[in-house]
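Close look at the chain arrangement
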Amino acid sequence: MSTRQSHFLEERVKRFIDVCRKKRLKATHQRLVIYRAIAGSADHPSADMVYKEVRRQHPTVSLATVYKTLETFKKVGLVSEVGPFHENTRYEANLAPHHHLICTQCKRIEDLYEPFLNAIPLPEQLKEHHVLGHTVWVHSLCRDCAKGRGKA
């Protein structure tokens, strides 16, 4: 992990602790380990992926605990779901406005930062709604899959 990535992870962990305090949620060791597994990953992991990562350090953590913890994190605004694109929901701790590139072959999800996409005018149909935000999902083949090197 680079120094920059480590800095972002530590900033997210500080935010995690602050949000837990504000929401009167105990920042238990298990919750911290589960949060770090998501916050330290650029892969937008599924609950199963988080579980496998957490089990390396803490073999007693159950898959049910990971699922319950992810639901709790979602409710208090620590993580968000990254769309139902594949068979499993994926999660991320990056809550800054951004969009996603989704590979339809290998299922890789990459963050996409493009100010132009943030400024897309909303359709007239949404004028009656209280829009909280919008996300653009670009379905494509990633570089590796487009070159025939993907994990198909």
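Further up the page is the structure itself.
Residues numbered from 1 in each chain as written. Predicted model: local features only at pLDDT ≥ 70, side-chain atom pairs only at ≥ 80, totals over all residues. Heavy atoms only, no water.

**Considerations on the sheet that holds strand β5 (residues 137–140)**
- Within the open sheet, the 3 strands sit side by side as β4-β3-β5. Their pairing is mixed. The two strands at the open ends of the sheet, each matched to only one other strand, are β4 (109–112) and β5. Geometrically, the sheet is characterised by an average inter-axis angle of 25 degrees between neighbouring strands, direction not taken into account.
- Strand direction decides the pairing type here: strand β3 (residues 99–103) and β5, joined by 4 bridges, are parallel. Directly across from Ile102, in β5, lies its bridge partner His139. (Pairing = 2+ DSSP bridges. Helix = DSSP H or I, 4+ residues; strand = E, 2+ residues; numbered from the N terminus. Axes fitted to C-alpha atoms, helices over the stretch in contact; angles between N-to-C directions.)

**Some points on the packing of aromatic side chains**
- The final tally for this structure, using the stated rule, is 3 aromatic pairs.
- Taking the centre distance of 4.7 Å and the plane angle of 20 degrees together, the rings of Phe16 and Tyr35 count as stacked. Of this pair, Phe16 sits in helix α1 (residues 3–22) while Tyr35 is found in helix α2 (residues 29–39), placing the two residues 19 residues apart along the sequence.
- By relative accessible area, which is 0% here, Phe16 ends up buried.
- A relative accessible area of 0% means that Tyr35 is categorised as buried.
- Ring centres 5.9 Å apart and planes at 80 degrees place the aromatic pair Tyr35 and Phe73 in the edge-to-face group. Of the two residues, Tyr35 is situated in helix α2 and Phe73 in helix α4 (residues 63–76); the sequence distance between them amounts to 38 residues. Pair check on accessibility: Tyr35 and Phe73 agree, each one buried. (Phe/Tyr/Trp six-rings, centres within 6.5 Å; stacked < 30°, edge-to-face > 60°. Buried < 20%, exposed > 50% of the residue type's maximum accessible area, 1.4 Å probe, protein only.)

**Overview of the packing of α2 against α4**
- Between α2 and α4, the shortest axis-to-axis distance is 10 Å and the interhelical angle comes to 75 degrees. Here α2 lies roughly perpendicular to α4, going by the angle between them. Contacts from Gln30, Arg31, Ile34, Tyr35 and Ile38 in α2 reach Thr65, Val66, Thr69, Leu70 and Phe73 in α4. (Parallel < 35°, antiparallel > 145°, perpendicular 65-115°, else oblique. Contact = heavy atoms within 4.5 Å.)

**Topic: the nonpolar core**
- Tyr35 and Leu78 are the most contacted members of the largest nonpolar core, which has 24 residues in total.
- Those elements that place two or more of their residues in this core are α1, α2, α3 (47–57) and α4.
- By residue number, the principal contributor to this core is α2, which donates 6 residues. (Core = buried A, V, L, I, M, F, W, Y, C linked by side-chain atoms within 4.5 Å.)

**Quick look at the state of the cysteines**
- Tallied over the full model, the rule gives 0 disulfides.
- Distance from the sulfur of Cys142, which forms no disulfide, to the nearest cysteine sulfur (Cys145) is 3.7 Å.
- Taking relative accessible area as the criterion, Cys142 reaches 8% and is therefore assigned buried.
- Judged by its relative accessible area of 6%, Cys145 falls in the buried class. (Disulfide = S-S within 2.5 Å.)

**Digging into unusual backbone geometry**
- Located in the positive-phi region is Arg24, a residue other than glycine, with phi close to 55 degrees.
- Note that Arg24 resides in the loop between α1 and α2.
- Look at Arg24 and you get exposed, because its relative accessible area is 79%.

**Notes on the environment of Phe16**
- Considering only alpha carbons, one finds Phe16 and Arg90, 74 residues apart in sequence, at a separation of 19 Å.
- Sequence-distant contacts of Phe16, that is, excluding residues within four places in its chain, are made with Ala27, Arg31, Leu32, Tyr35, Phe73 and Leu78.

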